[in-house]
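# A structural walkthrough
Chain by chain, the residues:
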Amino acid sequence: MIIDKNFRNAPKEIVIGVIAHETVHIIRKSIRNKPDEIKKDERNTDILALRRGFAQELYELGLYEIGGLSKIEKEDYDHETGLSIKELEHYLKRMEKRK
C-alpha cells in the first residue's frame, strides 16, 4: 500500500485513521468536483468512518495534522473538510458515556 509521505513515520493509530478514512471513500465511490462538494464528501466520509468504529483514530489523525502546524497556523486552523477536532471530541465523549 502506498501512503502519503507525511504519514510514513506516523504512529500506527494515525495510519489506521488515514486508511479508515480513505477506505470509506472507496466504499462510497466518492466523486467530487466543486469545493462545496468536497467539504460535504469529506464530512460524510468521516462520519461513516467513525460509525464503523474509527472515531479515536480519526481524532488522533486530526491532532497529528494540527501538530505539524506552527502556533499561529494552529490558531487560524479551520478544518473545512471532514469533522473538526471539537466534533470528534464531542462524539468520543458521547460514546464514553454510553459505556
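Structure's up top.
Residues numbered from 1 in each chain as written. Predicted model: local features only at pLDDT ≥ 70, side-chain atom pairs only at ≥ 80, totals over all residues. Heavy atoms only, no water.

### Regarding the environment of Arg 28
Convention followed: The way it works is that DSSP assigns letters per residue, a run of H or I at least four long becomes a helix, a run of E at least two long becomes a strand, and they are numbered from the N terminus. We call two residues in contact whenever any of their non-hydrogen atoms come within 4.5 Å of each other.
Locating Arg 28 in the fold gives a position in helix α1 (residues 12–28). Between the C-alpha atoms of Arg 28 and Asn 44, which are 16 residues apart in sequence, the distance is 9.6 Å. Apart from residues no more than four positions distant in its own chain, Arg 28 is found in contact with Asp 41, Asn 44, Thr 45 and Leu 48.

### Concerning the pattern of salt bridges
Applicable threshold: Salt bridge criterion: a side-chain nitrogen from Lys or Arg within 4 Å of a carboxyl oxygen from Asp or Glu. Each residue gets one of three labels from its accessible area relative to the maximum for its type: buried under 20%, exposed over 50%, partly exposed in between, using a 1.4 Å probe on protein chains only.
Summed over all chains, the structure comprises one salt bridge. One salt bridge connects Glu 87 with Arg 43, and the closest N-O pair in it is separated by 2.7 Å. With a gap of 44 residues between them, Glu 87 in helix α4 (residues 85–98) and Arg 43 in helix α2 (residues 35–67) connect regions that are remote in the sequence. Accessibility expressed as a relative area gives 31% for Glu 87, which makes it partly exposed.

### A closer look at the nonpolar core
Under the convention used in this document: The set of buried Ala, Val, Leu, Ile, Met, Phe, Trp, Tyr and Cys residues whose side-chain atoms join them within 4.5 Å is what this entry labels a nonpolar core.
Core analysis: the biggest nonpolar cluster contains eleven residues, these being Val 24, Ala 49, Leu 50, Ala 55, Leu 58, Tyr 59, Ile 66, Leu 83, Ile 85, Leu 88 and Tyr 91. Secondary structure elements with two or more residues in this core: α2 and α4. The greatest single-element share of this core, amounting to six residues, is contributed by α2. Each residue touching Leu 58, except ones within four places of it in the same chain, is listed here: Gly 17, His 21, Asp 46, Ala 49, Leu 50 and Leu 88. Ranked by size, the runner-up nonpolar core spans six residues in total, among them Phe 7, Ala 10, Val 18 and Leu 61.

### Regarding α4
Inclusion rule: A helix is expected to span 1.5 Å multiplied by its residue count minus one. Here, the arc refers to the directions that run from the helix axis to the C-beta atoms.
The terminal C-alpha atoms of α4, which comprises 14 residues, lie 20 Å apart, in line with the 20 Å expected from a rise of 1.5 Å per residue. Within the span of α4, buried status applies to Ile 85, Leu 88 and Tyr 91. Here the buried residues of α4 occupy an arc of 125° about the axis, which is enough to place them on one side. Among the exposed residues of α4, those pointing more than 90 degrees away from its buried face are Lys 86, Lys 93 and Lys 97.

### A short note on α1
Here α1 is 17 residues long and its end C-alpha atoms lie 24 Å apart, about the 24 Å a rise of 1.5 Å per residue gives. Every buried residue of α1 is accounted for by Ile 14, Val 15, Gly 17, Val 18, Ala 20, His 21, Val 24 and His 25. Positive phi shows up at Lys 29, right after α1, with a value of about 50°.

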